[in-house]
Amino acid sequence: MFKGSADNKIEAAMSELVPEPRQKPAVPMKPVGINSNLLGYIGIDTIIEQMRKKTMKTGFDFNIMVVGQSGLGKSTLVNTLFKSQVSRKSSGWNREEKIPKTVEIKAIGHVIEEGGVKMKLTVIDTPGFGDQINNENCWEPIEKYINEQYEKFLKEEVNIARKKRIPDTRVHCCLYFISPTGHSLRPLDLEFMKHLSKVVNIIPVIAKADTMTLEEKTEFKQRVRKELEVNGIEFYPQKEFDEDLEDKTENDKIRQESMPFAVVGSDKEYQVNGKRILGRKTPWGVIEVENLNHCEFALLRDFVIRTHLQDLKEVTHNIHYETYRAKRLNDNGGLPPVTAETEENHESNL
Amino acid sequence: MAKQPPAQFTNPETPGYVGFANLPNQVHRKSVKKGFEFTLMVVGESGLGKSTLINSLFLTDLYPERIIPGAAEKIERTVQIEASTVEIEERGVKLRLTVVDTPGYGDAINCRDCFKTIISYIDEQFERYLHDESGLNRRHIVDNRVHCCFYFISPFGHGLKPLDVEFMKAIHNKVNIVPVIAKADTLTLKERERLKKRILDEIEQHGIKIYHLPDAESDEDEDFKEQTKLLKVSIPFCVVGSNQLIEAKGKKVRGRLYPWGVVEVENPEHNDFLKLRTMLITHMQDLQEVTQDLHYENFRSERLKRGGRKIEDEEVNKDQILQEKEAELRRMQEMIARMQAQMQIQMQGGEGDSSAVHGHHV
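Calculation rules
Residues numbered from 1 in each chain as written. Chains lettered and ligands numbered in written order. Predicted model: local features only at pLDDT ≥ 70, side-chain atom pairs only at ≥ 80, totals over all residues. Heavy atoms only, no water. UniProt positions renumbered as here; feature names shortened; annotations may be inferred. Contact = heavy atoms within 4.5 Å. Buried area = accessible area lost by both parts, 1.4 Å probe. Salt bridge = Lys/Arg side-chain N within 4 Å of Asp/Glu carboxyl O. pLDDT = per-residue confidence, 0-100. Pairing = 2+ DSSP bridges. Helix = DSSP H or I, 4+ residues; strand = E, 2+ residues; numbered from the N terminus. Phe/Tyr/Trp six-rings, centres within 6.5 Å; stacked < 30°, edge-to-face > 60°. Buried < 20%, exposed > 50% of the residue type's maximum accessible area, 1.4 Å probe, protein only. Axes fitted to C-alpha atoms, helices over the stretch in contact; angles between N-to-C directions. Parallel < 35°, antiparallel > 145°, perpendicular 65-115°, else oblique. Left-handed = near helix turned anticlockwise from the far one by under 90°. Nonpolar A, V, L, I, M, F, W, Y, C, P; charged D, E, K, R; others polar. Patch = residues over 30% accessible without salt bridge, like charges linked within 9 Å, V, L, I, M, F, W, Y side chains within 5 Å. Areas by Shrake-Rupley, 256 points an atom, 1.4 Å probe, with all protein chains shown as cover. Lys, Arg positive; Asp, Glu negative; His and termini not counted. Charge placed at Lys NZ, Arg CZ, Asp CG, Glu CD. Disulfide = S-S within 2.5 Å.

In the nomenclature of an unreviewed UniProt entry, chain B corresponds to Septin from the organism Terrapene triunguis. Quoted verbatim from the Sequence similarities (unreviewed entry) field of the UniProt record, the comment on chain B reads "Belongs to the TRAFAC class TrmE-Era-EngA-EngB-Septin-like GTPase superfamily. Septin GTPase family."

Under an unreviewed UniProt entry, the name given to chain A is Neuronal-specific septin-3, and the organism recorded is Chrysemys picta bellii. Of chain A, the UniProt comment under Sequence similarities (unreviewed entry) reads exactly: "Belongs to the TRAFAC class TrmE-Era-EngA-EngB-Septin-like GTPase superfamily. Septin GTPase family."

Student: How do you make sense of the interface of chain A and chain B when you look at a structure like this?
Tutor: One widely used convention gives an interface's size as the accessible area the parts lose upon coming together. Between chain A and chain B, the contact holds 48 residues from the first and 46 residues from the second. Of the roughly 4100 Å² buried where chain A meets chain B, counting both sides, 56% is carbon and sulfur surface. A salt bridge links arginine 256 of chain B to glutamate 216 of chain A; the nearest nitrogen and oxygen atoms lie 2.6 Å apart.

Student: Is there a simple way to explain the confidence of the model for chain A in this structure?
Tutor: Predicted coordinates in areas of low pLDDT are best not read in detail. Looking at chain A as a whole, the pLDDT averages 79, with 79% of positions reaching at least 70. In the model, residues 90–96 of chain A has pLDDT below 50 throughout and makes nine contacts with residues more than four positions away in sequence or in other chains.

Student: Sorry, what's going on with the pairing of strand β3 (residues 93–101) of chain B here?
Tutor: Moving residue by residue along a regular strand, the side chains alternate between the two faces of the sheet. Residue and element names in this part refer to chain B. Examined bridge by bridge, strand β1 (residues 36–43) and β3 share seven bridges and lie parallel to one another. Within the sheet, the bridge partner assigned to phenylalanine 38 lies in β3 and is leucine 97. Two successive antiparallel strands, strand β2 (residues 82–90) and β3, enclose a turn made up of two residues, where arginine 91 displays a positive phi of approximately 50°.

Student: Would you mind showing me how to read the packing of aromatic side chains here?
Tutor: For any pair of aromatic rings, geometry is given as the distance between the ring centres together with the angle between the planes. Enumeration over the complete set of coordinates arrives at 16 aromatic pairs over all chains. Taking the centre distance of 5.8 Å and the plane angle of 55° together, the rings of tyrosine 236 of chain A and phenylalanine 303 of chain A count as tilted. Of this pair, tyrosine 236 of chain A sits in the loop between α6 (214–230) and α7 (245–258) while phenylalanine 303 of chain A sits in helix α8 (residues 297–307); the two residues are 67 residues apart in sequence, bridging distant segments of the chain. Between phenylalanine 126 of chain B and phenylalanine 299 of chain B, the aromatic rings sit 5.2 Å apart at their centres with planes inclined by 35°, giving tilted as the arrangement. In this pair, phenylalanine 126 of chain B is assigned in helix α4 (residues 114–133) and phenylalanine 299 of chain B in helix α9 (residues 284–348), connecting sequence segments 173 residues apart.

Student: What's the story with the pattern of salt bridges in this structure? I'm lost.
Tutor: Should the charged atoms of two oppositely charged side chains come close, the side chains can pair. Residues and elements named next belong to chain A. All chains considered together, the criterion is met by 34 salt bridges over all chains. The salt bridge involving glutamate 290 is made with arginine 301; its shortest N-O contact spans 2.9 Å. Taken together, the positions of glutamate 290 in the loop between β9 (285–288) and α8 and arginine 301 in helix α8 put the pair 11 residues apart, joining distant regions of the chain. The class of arginine 301 is buried, set by a relative accessible area of 11%.

Student: In this structure, what is going on with the packing of helix α2 (residues 50–58) of chain B against helix α8 (residues 273–282) of chain B? I would like to understand it.
Tutor: A packed helix pair is summarised by two numbers, namely the angle formed by the two axes and the spacing between the axes. Residues and elements named next belong to chain B. Where α2 contacts α8, the axes come no closer than 11 Å and their chain directions differ by 65°. Taken as axis vectors, α2 and α8 run roughly perpendicular relative to one another. You can see that α2 and α8 cross each other, and the crossing is right-handed. Contact residues: Leu53, Ser56, Leu57 and Phe58 in α2; Phe273, Leu276, Arg277 and Leu280 in α8. The residue inventory of the contact of α2 with α8, partitioned by class, reads six nonpolar, one polar and one charged.

Student: Could you clarify how one ought to interpret the UniProt feature "site: Important for dimerization" (unreviewed entry) in chain B in this entry?
Tutor: In the UniProt entry, the feature "site: Important for dimerization" (unreviewed entry) is given for Phe156 of chain B. Along the chain, the position of phenylalanine 156 of chain B falls in the loop between β4 (148–153) and α5 (162–171). A relative accessible area of 3% means that phenylalanine 156 of chain B is categorised as buried. Discounting residues that sit within four places of it in the chain, phenylalanine 156 of chain B has contacts with Ser70, Gly71, Leu72, Ser179, Pro180, Lys208 and Thr211 of chain A together with Lys183 and Thr186 of chain B.

Student: For this particular structure, what's the right way to read the sheet that holds strand β7 (residues 245–248) of chain B?
Tutor: Residues and elements named next belong to chain B. Reading across from one edge, β7-β8-β9 is the order of the three strands in this open sheet, with antiparallel pairing throughout. The sheet terminates laterally at β7 and β9 (261–264), the two strands that pair on one side only. The average undirected angle you get between the axes of adjacent strands in this sheet is 70°.

Student: How do you make sense of the sheet that holds strand β6 (residues 237–238) of chain B when you look at a structure like this?
Tutor: Consider a sheet: its strands pair through backbone hydrogen bonds, and that pairing is either parallel or antiparallel. Residues and elements named next belong to chain B. Ordered in space as β2-β3-β1-β4-β5-β6, the six strands form an open sheet in which the pairing is mixed. Across the chains shown, the open sheet's two edge strands, defined by having one partner strand only, are β2 and β6. For β1 and β4, the ladder comprises four bridges, and the chain directions are parallel. Across the sheet, residue methionine 41 finds its bridge partner in β4, namely cysteine 149. In the packing of α5 onto the sheet, the strands contacted are β1, β4 and β5 (177–181), and the crossing angle to β4 comes to about 170°. Seen against the sheet, helix α6 (residues 189–205) touches β4, β5 and β6 and runs at an angle of roughly 150° to β5.

Student: Which parts of the structure should I look at to understand a negative patch on the surface?
Tutor: A cluster of acidic side chains, namely Glu217, Asp219, Glu220, Asp221, Asp223 and Glu226 of chain B, defines a negative patch on the protein surface. Residue placement: aspartate 223 of chain B occurs in helix α7 (residues 222–233).

Student: Any chance you could explain the state of the cysteines here in plain terms?
Tutor: Residue and element names in this part refer to chain B. Summed over the entire model, instances satisfying the criterion amount to zero disulfides over all chains. The closest cysteine sulfur to the non-disulfide-bonded cysteine 238 is located on cysteine 148, 17 Å from its own sulfur. For cysteine 238, a relative accessible area of 0% puts it in the buried group.

Student: Sorry if this is basic, but what is going on with the packing of helix α4 (residues 140–158) of chain A against helix α5 (residues 187–196) of chain A here?
Tutor: Residues and elements named next belong to chain A. Where α4 meets α5, the closest approach of the two axes is 11 Å, and the angle between their N-to-C directions is 20°. By the angle between their directions, the pair α4 and α5 is classed as roughly parallel. Read as a crossing pair, α4 and α5 show a hand that is right-handed. Counted together, Ile142, Glu143 and Ile146 of α4 and Phe192, His195 and Leu196 of α5 form the full contact between these two elements. Split by residue class, the contact of α4 with α5 holds four nonpolar, one polar and one charged.

Dropping the structure here:
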């Protein structure tokens, strides 16, 4: 049958693509043994393989947005996450570039492949966020962009002759970079997350975590978690969307202990103990990016890519998008939006 | 040159020795008795390690009961000025150090008004000194002028932020700016060099005047000259602060303990802390002088010029007011004359209408 032939990686990736049955394995998943105690074998489970083949052919989209002040290591982290030069740092951006006067949205797409699975990854960068003297409402362009993607998807969905596979440009995940001051969140962080946690999955990340010792890290994380809770900010994975007890216990542990992940990114390799590892070399030691004793990068990577990737997409589609859709349809009295402009003209004429 | 009567300093081996070569010693002894005053201001966003650095520099705990506010509280807060004074004594020399902290700087979402408070504080100190200097009792003038400002640049950015540029341009004519990059253990050596160069380029590009160490005099010894050269090249300083003692290589050092190694505060290969401390201590006198001779004099001349102009304005106004008052007087006199004429006509003639017509037409 299939168990022997499947590669471990493919199994792991595949398991995230299948909506049912909902297994949430840790990394990596062992091949499932088929229960030979059944009276007879029907063959329903072959559907998994059929879906896998199909998805491998079509590939899938993942759109990740990075938000934070300039210099917090956003581009480097994304490159490290996907082990390729996918962020704008590689596509011609040099360090001499000036800080833009307003927040810009730059989306760059790449196709990366692993174990026969193709992923169309889009990294959406937001240069200029939080860098000005007056940062009031600097989250508005970002909120606008996210809603525009929902609008695009909605328009396509409502179309009479719609495409079989609607191109998904919606933001599935937003990594928000917190500056490692060691004190607390900044007012801008609170404002941004308050506004955006309702429209997109926000994963707060503590950037450049090699600035803090272990105690400082633990204290800071506790402080940030408390502040987020006190201010009613629901970051991903949101409590209300836990589907069953298993989800809840797993997510609780992540929410209350690991998040926000304190990460270090690097695209340089060094030789440590005979192995080549990604890291940062300083006069007092080498910081290993994938060493859990040094930083939590591996946890973030496993969380976003290996275990919760599909869930991120689902929450975006089933919850955030549906909220937007419901609001949109309500606003238009149940009519599908023909063009946003003509609708508005109608309204103004009345 | 009058010959002083030989005092106990007469050196019998050199006849004609007057003894005023001993003057510097007398000055030195007097100043040691009097003690030194120094005011240092620290400016920078919260969380950049300012307090830790100050505590490390002066081996004290300037902020024992410090409460760090959360983000929600910071939204409401404006920039405060907090001055704390410590008296440090070392080998009989007393230093009265005042550290002026500026919590709230750079925290708000809109930092437009961030530096107004700070600039008014600096001006206020100058104003007070000017007032004292022009006063009657000049014996015990307290010098609270800011002699030096450590401006903290974030090591996480790619250089200067717009706020950094605006602030430094606003105060570079009022105070000596020493740019400092704290939490330097975030950066590898290459990143540090790159950041320093970037910052120096941007400072030049925007015409910001930071404090420049004076070149060593030609009569100083080689070591000092070498040291000065080294210091000049290392600005802005990349420092790490800590007052925790860590065990490293068999001895106790001040540093930070990471899973991948120990950063030693006083190790010149790890960061520029020693350089910063040396610079501050050896140039404390110079910093005070530049504040007195350059920044204070600038302020004083501006202030006195401005004060003069105000009086001229008032005189001009007085003339105008006088003219206006005279015109008004004339008008009133005319009106009274007319009314008198009318009354006379009314009394003389019976027909009020025709006589009224014949009255003066104004």
